[in-house]
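Inside the fold
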Amino acid sequence: MPDDGACAHLSGMSELKKAKRRECEECVKIGAEWVHLRTCQTCGGTRCCDSSPNRHASKHARASSHPVICSAEPGERWLYCFPDDAFVEY
Ligand SMILES: [Zn+2]
Ligand SMILES: [Zn+2]
Ligand SMILES: [Zn+2]
C-alpha cells in the first residue's frame, strides 16, 4: 500500500478487502438499482457509489465511521478515505 503520509487510514492499510458479492447489500434488500460498487475496508461490506440513487457506501461510511472504501468495479484499483477525502490508486 502507498505511504504518502496524507491519510493515516490509507497508509496504515495492509490488506485489501475485496467484494464478496457483486451487488449492493442494501439495494438488494429494497429492490433498488445501483451504478457502481464500493467495498468497505473496515467491515468488508459492498455498497453502492455516490452516482447511485441510494448512495449506500457513503451513508454507511458516515453512519458507522468506517473511513475507507475500495472500488469493487472490475479494472478499477483505488481506495478512498471519506474523512480525509484522500484517494489513492494501487
Ligand atoms: Zn483517512
Ligand atoms: Zn445501494
Ligand atoms: Zn463498513
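Bear in mind that the values here come from a model prediction, so they are computed numbers and not experimental data. (Residues numbered from 1 in each chain as written. Chains lettered and ligands numbered in written order. Predicted model: local features only at pLDDT ≥ 70, side-chain atom pairs only at ≥ 80, totals over all residues. Heavy atoms only, no water.)

**As for the coordination of the zinc ion (ligand 2)**
Octahedral metals with six donors have ideal donor angles of 90 or 180 degrees. Tetrahedral metals with four donors have an ideal donor angle of 109.5 degrees. The condition is simple: A 2.8 Å cut-off from the metal defines N, O and S donors, relaxed to 3.2 Å for Na, K and Ca; water is not in the atom list, so some sites may appear incomplete. A site with four donors is called tetrahedral when every donor-metal-donor angle falls between 85 and 135 degrees; four donors are called square planar, and six octahedral, when opposite donors sit more than 155 degrees apart and all other angles fall between 65 and 115; any other arrangement is irregular.
Looking at the zinc ion (ligand 2), one finds its protein donor set to be Cys24 (SG), Cys27 (SG), Cys48 (SG) and His56 (ND1), positioned 2.0 to 2.3 Å from the metal centre. Each of the 4 donor atoms bound to the zinc ion (ligand 2) contributes to angles spanning 106 to 118 degrees, and the resulting shape is tetrahedral.

**Some words on the sheet that holds strand E2 (residues 46-48)**
Strand pairing in a sheet relies on backbone hydrogen bonds. The paired strands run either parallel or antiparallel. The condition is simple: Note on pairing: two strands pair once DSSP finds at least 2 bridges between them. In this text, helices come from DSSP runs of H or I with a minimum length of four residues, and strands from runs of E with a minimum of two, each type numbered from the N-terminal end. Here an angle of 0 to 180 degrees is reported between the N-to-C directions of two axes, which are lines fitted to C-alpha atoms, with helices fitted over the stretch in contact. In what follows, residue pairs with any heavy atoms lying within 4.5 Å of each other are defined as contacts.
Spatially, the 5 strands line up as an open sheet ordered E2-E1-E3-E4-E5, and their pairing is antiparallel. Edge strands, defined here as strands with exactly one partner in the open sheet, are E2 and strand E5 (86-89). In this sheet, neighbouring strand axes are inclined to one another by 30 degrees on average, regardless of whether the strands run parallel or antiparallel. As paired elements, strand E3 (residues 68-71) and strand E4 (residues 78-81) share 3 bridges and run antiparallel to each other. Paired with cysteine 70 across the two strands is leucine 79, which belongs to E4. Relative to the sheet, helix H3 (residues 56-64) contacts strand E1 (37-40) and E2, its axis offset from that of E2 by approximately 120 degrees.

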